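Each chain is listed here by its residues.
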Amino acid sequence: MNRLIAAAATMAALALSLPASAQFQKPEDAIKYRQSSMFVMANHFGRIGAMVNNRTPYDAAAAVANAEVVSALSRVHWAGFVEGTAGSAKGGASPKIWSERAKFDDAARRMEGEVAKLLAAARTNSLDNLRPAFGAVGQSCKACHDDYRNP
Ligand code: ASC
C-alpha cells in the first residue's frame, strides 16, 4: 500500500513538473505534436463514430480501446500549444489561443471531461450510452475549433 501511494505520488509529481514548453526541441515540433495528436484522436474517435452511426457493427471492446486512445491523448494534447507557435495557414492554431489562454484552457478541460465520460460510457458496453457521449465529445471538439482554428 505504501509503495502504491509512493508510486502515485511520484507520478503526480512528474506530471506536474513537465512544463509544456520544455518538451520540444523547436517550435515546429510543438506544431507537429499537436497535429499528430489531433490526427490520431480523430482517427480513433471516428471509429467510435462509425459504430454510433451504424456504419460499422457495434463492438464493445473496440469502442473501449478507441476511447482509451482518445482519453490518453485528450490529456496530453495541450502540451503542443506552446506560446509563439500560432499557425498562419488556414486551419492552423489561432493567435487567440494565447491572447485568451484561460478561455482556451477552459475549453480544453471541457473536452477532457467529455472524453472521460465517453470512456466511462464505452465501459458500460452499451451503444445507447455511447451515442450521447460521442455527441457531447464532438460538440466540445467543435466549440474549440470554431473559436480557435484559423478559418
Ligand atoms: C472529429 C474531428 C473533429 C470533431 C468535430 C466534431 O472526428 O476530426 O474535429 O470530430 O468534427 O464536430
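Residues numbered from 1 in each chain as written. Predicted model: local features only at pLDDT ≥ 70, side-chain atom pairs only at ≥ 80, totals over all residues. Heavy atoms only, no water.

### A word on the nonpolar core
Formed by 31 residues in total, the largest nonpolar core has its most connected members in Ile48, Phe81, Ile97, Phe104, Leu118 and Leu130. Of all elements in the fold, only helix 2 (27-52), helix 3 (60-76), helix 4 (96-99), helix 5 (101-122) and helix 6 (127-148) reach the threshold of two or more residues within this core. Examining the composition of this core, we find that 9 residues originate from one element, helix 5, more than from any other. Ignoring any residue separated from it by four or fewer positions in sequence, one finds isoleucine 48 in contact with Ala63, Asn66, Ala67, Leu118, Leu130 and Phe134. (Core = buried A, V, L, I, M, F, W, Y, C linked by side-chain atoms within 4.5 Å. Buried < 20%, exposed > 50% of the residue type's maximum accessible area, 1.4 Å probe, protein only. Helix = DSSP H or I, 4+ residues; strand = E, 2+ residues; numbered from the N terminus. Contact = heavy atoms within 4.5 Å.)

### Thoughts on the side chain of asparagine 66
Turning to its location among the elements, asparagine 66 is positioned in helix 3. When residues no more than four places from it in sequence are discounted, the contact partners of asparagine 66 are His44, Arg47, Ile48 and Met51.

### Regarding the packing of aromatic side chains
The full count for this structure, using the stated rule, is 6 aromatic pairs. Plain terms: the ring middles of phenylalanine 24 and tyrosine 33 are 5.2 Å apart, the flat faces sit at 65° to each other, and that makes the pair edge-to-face. Aromatic ring contacts, followed pair by pair, group Trp78, Phe81, Phe104 and Tyr148 into a single cluster. Over the ring of tyrosine 148 we find lysine 96, and its NZ or CZ is 5.5 Å from the ring centre. (Phe/Tyr/Trp six-rings, centres within 6.5 Å; stacked < 30°, edge-to-face > 60°. Lys NZ or Arg CZ within 6 Å of the ring centre and 35° of its normal.)

### A few points about the state of the cysteines
Scanning all chains against the criterion turns up 0 disulfides. Of all cysteine sulfurs in the structure, the one in cysteine 141 sits closest to cysteine 144, which takes part in no disulfide; the separation is 8.7 Å. The exposure class assigned to cysteine 144 is buried, which follows from its relative accessible area of 11%. (Disulfide = S-S within 2.5 Å.)

### Examining the packing of helix 2 against helix 3
Geometry of a packed helix pair, given as the angle between the helix axes and the separation of the axes. Across the interface, helix 2 lies against helix 3 with an axial gap of 9 Å and an inter-helix angle of 155°. Classified by the angle their axes make, helix 2 and helix 3 are roughly antiparallel. The handedness of the crossing between helix 2 and helix 3 comes out as left-handed. For the pair formed by helix 2 and helix 3, the contact residues are Tyr33, Ser37, Val40, Met41, His44, Phe45, Arg47, Ile48 and Met51 on the first element and Ala62, Ala63, Asn66, Ala67, Val69, Val70, Leu73, Ser74 and Val76 on the second. Among the residues making up the contact of helix 2 with helix 3, the classes are represented as 13 nonpolar, 4 polar and 1 charged. (Axes fitted to C-alpha atoms, helices over the stretch in contact; angles between N-to-C directions. Parallel < 35°, antiparallel > 145°, perpendicular 65-115°, else oblique. Left-handed = near helix turned anticlockwise from the far one by under 90°. Nonpolar A, V, L, I, M, F, W, Y, C, P; charged D, E, K, R; others polar.)

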